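Here's the letter readout for the chains.
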Amino acid sequence: MRTASNWSVDWSWWHKAPAEQQLSDRIQHFFVSQGIDEYGPVFALDGKDVGATPGLTHEDHPAGLAGTNAVAGLATTDKALANKFTEALWNAPIPSGQNRYYDRMLYLMSLMHIGGEFRNWMPR
């Protein structure tokens, strides 16, 4: 789940690899096509929904994945779509239950990234 955050933060800080924008565009367009507040947690590389992971039901919509998809908005060229993902993260329930540790970590880090509070501290 966190890969989109990694390349998107890289783009927002350094602007070195334009392919990161293309990746963000692709992932956000894919997930909006699945239903921005409804997509499940696991997909094959060809886009097929492969169902739930252990401990999650197929209907679960992980807040951590909603968060990393929102962070992809830092690199996307479609800012209107990025705003929809940010709003979806803001409206997502705080993760709880069995998988809350990883989900909450991604949720919190995503809020920090899109809120501008996750910073790169360079040496002086």
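Below: a short report on this structure.

Parameters and conventions
Residues numbered from 1 in each chain as written. Predicted model: local features only at pLDDT ≥ 70, side-chain atom pairs only at ≥ 80, totals over all residues. Heavy atoms only, no water. Salt bridge = Lys/Arg side-chain N within 4 Å of Asp/Glu carboxyl O. Buried < 20%, exposed > 50% of the residue type's maximum accessible area, 1.4 Å probe, protein only. Core = buried A, V, L, I, M, F, W, Y, C linked by side-chain atoms within 4.5 Å. Helix = DSSP H or I, 4+ residues; strand = E, 2+ residues; numbered from the N terminus. Contact = heavy atoms within 4.5 Å. Polar contact = N/O pair within 3.5 Å; in protein donor to acceptor, adjacent residues only side chain to side chain. 1 Å grid on protein atoms, 1.4 Å probe; cavity = no way out; pocket = protein on both sides within 12 Å on 5 of 7 lines; lining within 4 Å. Points joined across faces, edges and corners; volume = space filled by probe spheres on them. Phe/Tyr/Trp six-rings, centres within 6.5 Å; stacked < 30°, edge-to-face > 60°.

Here we come to the pattern of salt bridges. Per the stated rule, a full pass over the model turns up 1 salt bridge. Across the pair E117 and R119 runs a salt bridge, and its minimum N-O distance is 3.3 Å. Among the residues examined, E117 registers a relative accessible area of 49% and is labelled partly exposed.

Time to look at the nonpolar core. F31, Y39 and F85 are the most contacted members of the largest nonpolar core, which totals 14 residues. Elements represented by at least two residues in this core include exactly α3 (63-71) and α4 (79-91). When residues no more than four places from it in sequence are discounted, the contact partners of F85 are Q28, F31, V32, I36, Y39, N69 and A70.

Below, the discussion takes up the side chain of S110. Counting through the fold element by element, S110 comes out in helix α5 (residues 100-114). Looking at S110, the relative accessible area reads 2%, which means it is buried. Within polar-contact distance, the side chain of S110 engages the backbone nitrogen of T68 at 3.4 Å. Those residues in contact with S110 that lie beyond four places of it in its chain are S5, G67, T68, V71 and L89.

Further remarks concern unusual backbone geometry. The bulk of non-glycine residues show a negative phi, and the bulk of peptide bonds are trans. Unlike most non-glycine residues, H15 shows phi in positive territory, near 50°. Along the polypeptide, H15 turns up in the loop between α1 (3-14) and α2 (19-33).

Right, let's talk about the layout of surface pockets for a bit. As a volume, the largest pocket reaches approximately 580 Å³. Taken together, 19 residues line the largest pocket, and the ones lying closest to its centre are I27, F30, F31, A44 and L45. Among the elements that take part in the lining of the largest pocket, α2 stands out by supplying 5 residues, more than any other.

Here the structure, examined in full by the defined rule, presents 6 aromatic pairs. When the centroid spacing of 6.4 Å and the interplanar angle of 85° are considered together, the rings of W13 and W14 count as edge-to-face. Look at W13 and F118: their rings are 6.4 Å apart centre to centre, the planes differ by 25°, and that puts the pair in the stacked class. A residue pair is termed long-range when its members are at least 10 positions apart, and W13 in helix α1 and F118 in the segment after α5 qualify at 105 residues. Given a relative accessible area of 34%, W13 falls into the partly exposed group. With relative accessibility at 29%, the residue F118 sits in the partly exposed group. Every member of this aromatic cluster is reached through a ring pair, and the members are F30, F31, Y39 and F43.

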